[in-house]
Amino acid sequence: MATGVAMFSAKVDGVAPLIMHSVVVLIDKDHPTTRRIAVLTGKGKRMTEEDRQELYRLEATAGLYLNAEGRPYVPGNNIDRCILDAARREKLGKLIERGFLSDDALLVYDGPTTAAALWADPKFRFIRPAANGQRTIMRARTWFQKWSFTTRVTVDTRLLDVDTAKRLFTAGIETEGLMDWRPRHGRGRVVSIADVTT
């Protein structure tokens, strides 16, 4: 391992549902899914119930974070943002920005592993009113009520000691939460944390 670098692994169990809302597809106006959404929303009051259900399906599945195998995962930058928010409470945000890096983590849960199968199972659907400018509209997401993941974190020890990094990791996961509608959702409990040696 390079001088000035330390790593630890951490296992997290969810204590509040995790709601995914990736905007990678949804902000791409040329993506076929985004174009289809635009056609549906453009119908306005002429939208049928079938149209509405299709819109929910497209929003929920497009909002998933999927890895190269098409399975839901937690991006490392989402974890880092959660820890950053905790660090800012202690005026340590700059150190986390420069010296803390989480790996992407496969989401572990009991249920289907593909976007289509997740939407087909009603217990993974989260459809709620949400503010949209001056209006309130219905939004669809995919949520995971019981979940866990394991990630590896790399720390630049020239900027941040490992014990502080572990403490901030725990604080972020437990108080800030991950992804959408946090901190009411997306909070977890760090069930194990251990140094990684190479």
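Residues numbered from 1 in each chain as written. Predicted model: local features only at pLDDT ≥ 70, side-chain atom pairs only at ≥ 80, totals over all residues. Heavy atoms only, no water.

Draft legend 1. View of the sheet that holds strand β8 (residues 148-156). The strand order across the open sheet built from four strands is β4-β8-β1-β9, with neighbouring strands paired in antiparallel fashion. At either end of the open sheet lies a strand with only one pairing partner, and these are β4 (100-102) and β9 (188-196). Ignoring which end each strand starts from, the neighbouring axes of this sheet average 25° apart. Of the strand pairs in this sheet, strand β1 (residues 5-14) and β9 are connected by eight bridges, and their pairing is antiparallel. Across the sheet, the residue bridging to K11 is S192, located in β9. Packed on one face of the sheet, helix α6 (residues 162-176) meets β1, β4, β8 and β9 and runs near 160° to β9. (Pairing = 2+ DSSP bridges. Helix = DSSP H or I, 4+ residues; strand = E, 2+ residues; numbered from the N terminus. Axes fitted to C-alpha atoms, helices over the stretch in contact; angles between N-to-C directions. Contact = heavy atoms within 4.5 Å.)

Draft legend 2. Inspection of the sheet that holds strand β2 (residues 18-20) at higher detail. Ordered by their spatial adjacency, three strands build an open sheet running β2-β7-β6, and the pairing between neighbours is antiparallel. Among the strands making up the open sheet, the edge pair consists of β2 and β6 (125-132). Taken over all neighbouring pairs, the strand axes of this sheet differ in orientation by 50° on average, direction set aside. One ladder, built from three bridges, connects β2 with strand β7 (residues 135-144); its direction is antiparallel. Across the sheet, I19 pairs through a bridge with W143, a residue of β7. Of the strands in this sheet, β6 and β7 touch helix α2 (residues 49-62), which is tilted by about 55° from β7.

Draft legend 3. Quick look at the pairing of β8. Here β1 runs beside β8; their pairing, made up of nine bridges, is antiparallel. Looking at β8, one finds that A6 is bridged to V155. Two elements, β4 and β8, share three bridges in a ladder whose sense is antiparallel. Residue pairing across strands places L101 opposite T154, the latter belonging to β8.

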